Amino acid sequence: MEIYPLTILYDESCPLRKLEIDNLRVRNQAGHLRFIDVSAPDYDVSLCTVAKADLMRIIHSIRADGQLVHGMEVFRLAYEAVGLGWITVASGWPLLKPVFDWIYPHIANNRGRLSEVFTSSVFRLVALLALRNSQTCKTGLCAQLDKKDA
(Lines give C-alpha, C1' and ligand atoms only; values in the text may rest on other atoms or scores of the structure.)
Protein backbone atom coordinates (compact mmCIF):
# COMPACT_ATOMS: atom_id res chain seq x y z
CA MET A 1 0.00 0.00 0.00
CA GLU A 2 1.59 3.18 -1.23
CA ILE A 3 1.18 6.29 0.91
CA TYR A 4 3.39 8.76 -0.95
CA PRO A 5 3.05 10.96 -2.76
CA LEU A 6 0.36 12.21 -0.40
CA THR A 7 -1.95 14.86 -1.87
CA ILE A 8 -3.12 17.23 0.84
CA LEU A 9 -6.45 19.00 0.28
CA TYR A 10 -6.46 22.10 2.46
CA ASP A 11 -8.11 25.49 2.93
CA GLU A 12 -5.57 28.21 2.17
CA SER A 13 -8.07 30.94 3.04
CA CYS A 14 -7.43 30.07 6.69
CA PRO A 15 -4.24 31.82 7.88
CA LEU A 16 -3.47 29.10 10.41
CA ARG A 17 -3.81 26.30 7.87
CA LYS A 18 -1.86 28.29 5.26
CA LEU A 19 1.10 28.75 7.59
CA GLU A 20 1.12 25.09 8.51
CA ILE A 21 1.01 24.07 4.84
CA ASP A 22 3.72 26.63 3.99
CA ASN A 23 5.89 25.05 6.68
CA LEU A 24 5.30 21.56 5.23
CA ARG A 25 5.86 22.83 1.68
CA VAL A 26 9.27 24.27 2.60
CA ARG A 27 10.30 21.03 4.30
CA ASN A 28 9.03 18.85 1.43
CA GLN A 29 12.53 18.39 -0.01
CA ALA A 30 11.89 14.76 -1.04
CA GLY A 31 8.66 15.69 -2.83
CA HIS A 32 6.48 13.24 -0.90
CA LEU A 33 3.71 15.81 -0.48
CA ARG A 34 1.47 17.52 -3.02
CA PHE A 35 -0.84 20.37 -2.12
CA ILE A 36 -4.25 21.38 -3.44
CA ASP A 37 -5.99 24.50 -2.15
CA VAL A 38 -9.70 23.65 -2.03
CA SER A 39 -10.56 27.31 -1.40
CA ALA A 40 -9.14 28.35 -4.79
CA PRO A 41 -11.72 29.44 -7.37
CA ASP A 42 -10.30 26.93 -9.85
CA TYR A 43 -10.43 23.95 -7.45
CA ASP A 44 -11.63 20.91 -9.40
CA VAL A 45 -14.38 19.27 -7.30
CA SER A 46 -14.03 16.06 -9.33
CA LEU A 47 -10.68 15.35 -7.60
CA CYS A 48 -12.40 14.10 -4.47
CA THR A 49 -15.80 12.68 -3.56
CA VAL A 50 -15.91 14.65 -0.30
CA ALA A 51 -18.07 17.78 -0.38
CA LYS A 52 -16.09 21.01 -0.67
CA ALA A 53 -17.64 22.31 2.58
CA ASP A 54 -16.25 19.28 4.44
CA LEU A 55 -12.83 19.73 2.80
CA MET A 56 -12.84 23.35 3.94
CA ARG A 57 -13.68 22.33 7.50
CA ILE A 58 -11.45 19.28 8.05
CA ILE A 59 -8.14 18.65 6.29
CA HIS A 60 -8.14 15.64 3.96
CA SER A 61 -5.55 13.88 1.84
CA ILE A 62 -5.39 11.25 -0.83
CA ARG A 63 -2.71 8.62 -0.51
CA ALA A 64 -0.87 7.29 -3.57
CA ASP A 65 -3.00 4.12 -3.39
CA GLY A 66 -6.16 6.28 -3.61
CA GLN A 67 -7.19 5.88 0.03
CA LEU A 68 -8.75 9.03 1.47
CA VAL A 69 -7.67 10.04 4.97
CA HIS A 70 -8.65 13.04 7.08
CA GLY A 71 -7.99 14.84 10.33
CA MET A 72 -5.03 13.90 12.49
CA GLU A 73 -4.01 11.07 10.17
CA VAL A 74 -3.17 13.66 7.50
CA PHE A 75 -0.81 15.40 9.89
CA ARG A 76 0.77 12.12 11.03
CA LEU A 77 1.52 11.15 7.42
CA ALA A 78 2.58 14.65 6.33
CA TYR A 79 4.95 15.24 9.22
CA GLU A 80 6.44 11.78 8.74
CA ALA A 81 7.00 12.59 5.05
CA VAL A 82 9.08 15.67 5.85
CA GLY A 83 11.15 14.05 8.59
CA LEU A 84 9.19 15.48 11.51
CA GLY A 85 7.28 12.36 12.51
CA TRP A 86 8.52 12.78 16.07
CA ILE A 87 6.17 15.77 16.42
CA THR A 88 3.04 13.68 15.84
CA VAL A 89 4.21 10.26 17.06
CA ALA A 90 2.38 10.53 20.40
CA SER A 91 -0.87 11.26 18.55
CA GLY A 92 -0.70 7.74 17.10
CA TRP A 93 -0.06 5.84 20.32
CA PRO A 94 -2.96 3.46 21.07
CA LEU A 95 -4.06 5.19 24.28
CA LEU A 96 -3.69 8.74 22.92
CA LYS A 97 -4.83 8.26 19.31
CA PRO A 98 -8.57 8.36 20.11
CA VAL A 99 -8.06 11.52 22.16
CA PHE A 100 -6.14 13.34 19.40
CA ASP A 101 -8.58 12.11 16.75
CA TRP A 102 -11.48 13.42 18.86
CA ILE A 103 -9.83 16.77 19.65
CA TYR A 104 -8.77 17.64 16.09
CA PRO A 105 -12.27 18.35 14.67
CA HIS A 106 -12.95 20.66 17.62
CA ILE A 107 -9.76 22.57 16.91
CA ALA A 108 -10.54 22.65 13.18
CA ASN A 109 -14.01 24.01 13.85
CA ASN A 110 -12.50 26.85 15.90
CA ARG A 111 -9.44 27.55 13.79
CA GLY A 112 -10.75 30.97 12.79
CA ARG A 113 -10.39 32.14 16.38
CA LEU A 114 -7.12 30.26 16.79
CA SER A 115 -5.76 31.86 13.61
CA GLU A 116 -6.08 35.29 15.14
CA VAL A 117 -3.98 34.23 18.11
CA PHE A 118 -1.30 32.06 16.54
CA THR A 119 -0.66 33.29 13.04
CA SER A 120 0.74 36.61 14.05
CA SER A 121 4.17 35.87 15.47
CA VAL A 122 4.61 32.28 16.60
CA PHE A 123 3.80 30.41 13.41
CA ARG A 124 5.33 33.07 11.18
CA LEU A 125 8.59 32.81 13.12
CA VAL A 126 8.59 29.01 12.90
CA ALA A 127 7.84 29.06 9.17
CA LEU A 128 10.58 31.63 8.47
CA LEU A 129 13.11 29.69 10.54
CA ALA A 130 12.26 26.54 8.62
CA LEU A 131 12.59 28.41 5.35
CA ARG A 132 15.95 29.88 6.28
CA ASN A 133 17.25 26.38 7.04
CA SER A 134 16.06 24.95 3.74
CA GLN A 135 17.35 24.78 0.20
CA THR A 136 14.75 27.39 -0.76
CA CYS A 137 16.81 30.14 0.88
CA LYS A 138 19.69 29.37 -1.44
CA THR A 139 17.46 30.27 -4.39
CA GLY A 140 16.76 33.77 -3.05
CA LEU A 141 13.20 33.20 -1.85
CA CYS A 142 14.08 34.35 1.68
CA ALA A 143 15.00 37.82 0.43
CA GLN A 144 11.68 38.00 -1.38
CA LEU A 145 9.82 36.98 1.79
CA ASP A 146 11.74 39.47 3.91
CA LYS A 147 10.69 42.28 1.55
CA LYS A 148 7.09 41.04 1.63
CA ASP A 149 7.03 41.00 5.46
CA ALA A 150 8.58 44.46 5.75
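Calculation criteria
- Residues numbered from 1 in each chain as written.
- Predicted model: local features only at pLDDT ≥ 70, side-chain atom pairs only at ≥ 80, totals over all residues.
- Heavy atoms only, no water.
- Salt bridge = Lys/Arg side-chain N within 4 Å of Asp/Glu carboxyl O.
- Helix = DSSP H or I, 4+ residues; strand = E, 2+ residues; numbered from the N terminus.
- Buried < 20%, exposed > 50% of the residue type's maximum accessible area, 1.4 Å probe, protein only.
- Patch = residues over 30% accessible without salt bridge, like charges linked within 9 Å, V, L, I, M, F, W, Y side chains within 5 Å.
- Areas by Shrake-Rupley, 256 points an atom, 1.4 Å probe, with all protein chains shown as cover.
- Pairing = 2+ DSSP bridges.
- Right-handed = clockwise from strand over helix to strand, strands pointing away.
- Core = buried A, V, L, I, M, F, W, Y, C linked by side-chain atoms within 4.5 Å.
- Contact = heavy atoms within 4.5 Å.
- Axes fitted to C-alpha atoms, helices over the stretch in contact; angles between N-to-C directions.

Caption draft 1: Region of interest: the pattern of salt bridges. Scanning the model with the defined rule gives 5 salt bridges in all. Salt-bridge contacts for Arg 76 lead to Glu 73; the nearest nitrogen and oxygen are separated by 3.0 Å. One end of the pair, Arg 76, and the other, Glu 73, are both in helix H3 (residues 72–81), 3 residues apart, so they sit about a helical turn from each other. By relative accessible area, which is 10% here, Arg 76 ends up buried. Where Asp 101 meets Lys 97, a salt bridge forms, and the shortest distance between an N and an O atom there is 2.8 Å. In this pair, Asp 101 and Lys 97 are both assigned in helix H5 (residues 97–109), 4 residues apart and thus about one turn of the helix distant. One continuous salt-bridge network, built from bridges that share partners, spans Glu 73, Arg 76, Lys 97 and Asp 101.

Caption draft 2: How the structure looks around the environment of Ala 64. In this structure, Ala 64 sits in the loop between strand E3 (60–62) and strand E4 (68–70). We classify Ala 64 as partly exposed; its relative accessible area is 40%. Residues Ala 64 and Glu 2, spaced 62 residues apart in sequence, show a C-alpha to C-alpha distance of 5.3 Å.

Caption draft 3: Quick look at a nonpolar patch on the surface. Taken together, the side chains of Val 89, Trp 93, Leu 95, Leu 96, Val 99, Phe 100, Trp 102, Ile 103 and Ile 107 present a nonpolar region at the surface, about 880 Å² in accessible area. Structurally, Ile 103 can be placed in helix H5.

Caption draft 4: Layout of the pairing of strand E1 (residues 6–10). With 5 of 5 residues buried, E1 is to be regarded as a mostly interior element. Alternating residues of E1 divide into Leu 6, Ile 8 and Tyr 10 and Thr 7 and Leu 9, and every residue in both groups is buried. With 5 bridges connecting them, E1 and strand E2 (residues 33–37) associate as parallel partners. Within E2, the position partnered with Thr 7 by the bridge is Arg 34. In this region the chain leaves E1, passes through helix H1 (residues 15–27) and returns to the parallel neighbour E2; the handedness of that crossover is right-handed. As paired strands, E1 and E3 are joined by 3 bridges and run antiparallel to one another. What sits directly across from Ile 8, in E3, is Ser 61.

Caption draft 5: Focus on the nonpolar core. Judged by nonpolar contacts, the single largest core of 21 residues is most densely connected at Ile 8, Ile 21, Leu 24, Leu 33, Phe 35, Ile 59 and Tyr 104. Of all the secondary structure elements, the ones that give two or more residues to this core are E1, H1, E2, H3 and H5. In contact with Tyr 104, not counting residues within four places along its chain, are Arg 17, Ile 58, Ile 59, Gly 71, Met 72 and Phe 75. Of all hydrophobic cores here, the second largest spans 6 residues; its members include Leu 9, Tyr 43, Cys 48 and Leu 55.

Caption draft 6: Seen up close, the sheet that holds E1. Strand order in this open sheet of 4 strands is E2-E1-E3-E4, and the pairing throughout is mixed. For this open sheet the edge positions go to E2 and E4, each flanked by a neighbour on one side alone. Sheet twist, expressed as the average angle between the axes of neighbouring strands with direction ignored, equals 25°. Along the sheet, H1 makes contact with E1 and E2, crossing E1 at roughly 160°. In the packing of H3 onto the sheet, contacts are made with E1, E2, E3 and E4, and the angle to E4 comes to roughly 100°.

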